[in-house]
Amino acid sequence: MSGTDWAEATPPTLETMEEMARGALAALPDTFAKGAAGIALRVVDLADDDILDSLEMDDPYALTGLYDGIPLTEKSVMDQPMGPDTIWLFRRAILDEWIARGDIALGDLVAHVLVHELAHHFGWSDADIARIDRWWE
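In this text, all values refer to a predicted model and were calculated from it rather than measured experimentally.

Thresholds, definitions, all that
Residues numbered from 1 in each chain as written. Predicted model: local features only at pLDDT ≥ 70, side-chain atom pairs only at ≥ 80, totals over all residues. Heavy atoms only, no water. Pairing = 2+ DSSP bridges. Helix = DSSP H or I, 4+ residues; strand = E, 2+ residues; numbered from the N terminus. Axes fitted to C-alpha atoms, helices over the stretch in contact; angles between N-to-C directions. Salt bridge = Lys/Arg side-chain N within 4 Å of Asp/Glu carboxyl O. Buried < 20%, exposed > 50% of the residue type's maximum accessible area, 1.4 Å probe, protein only.

Caption draft 1: Fine view of the sheet that holds strand S1 (residues 40-44). Overall, mixed pairing links the three strands, which are arranged S1-S3-S2 in an open sheet. The open sheet is flanked by S1 and strand S2 (65-68), the only strands paired with a single partner. This sheet shows a mean twist of 15° between the axes of neighbouring strands, independent of strand direction. Bridge analysis of S1 against strand S3 (residues 86-90) gives five bridges, and the strand direction is parallel.

Set out below in structure tokens:
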């Protein structure tokens, strides 16, 4: 990026990253967009201790996203709603991965993490996702 004044550059805000993610949601094919319609999207800097503890993780920078809800393949009319299914994106962890990779546009990485978490909403396991998308191996 020649000509960029790095002294004036700042990382994208939570709001900017949320705009990237909402753009990725808006670009989904209709068949997936319908299933994603009721999902809440939250973008925060890092996963909190409760989330990390529930996943038995210590490093908040190792978690770029999280699906919190009941996958569509497991939902029942008998379920008591506990709130909307939520996709969490963790801005600082995503930025760290983006910097470490160095080979992908930030918006593409945000979209990739979002789609990975959306796949969990549709009932796919990490192993299912890895079979289709080598990125997650």
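Now that the structure is up, let's keep going.
Caption draft 2: Representation of the environment of alanine 37. With respect to the helices, strands and loops of the structure, alanine 37 is situated in the loop between helix H2 (30-36) and S1. For the pair alanine 37 and leucine 25, spaced twelve residues apart in the sequence, the C-alpha separation amounts to 9.0 Å.

Caption draft 3: Structural context of the pattern of salt bridges. Here the structure, examined in full by the defined rule, presents three salt bridges. As a salt-bridge pair, glutamate 18 and arginine 22 come within 2.9 Å of each other at their nearest N and O atoms. Remark: arginine 22 and glutamate 18 occur in helix H1 (residues 14-26); sequence separation between them is four residues, near one turn of the helix. A relative accessible area of 25% means that glutamate 18 is categorised as partly exposed.

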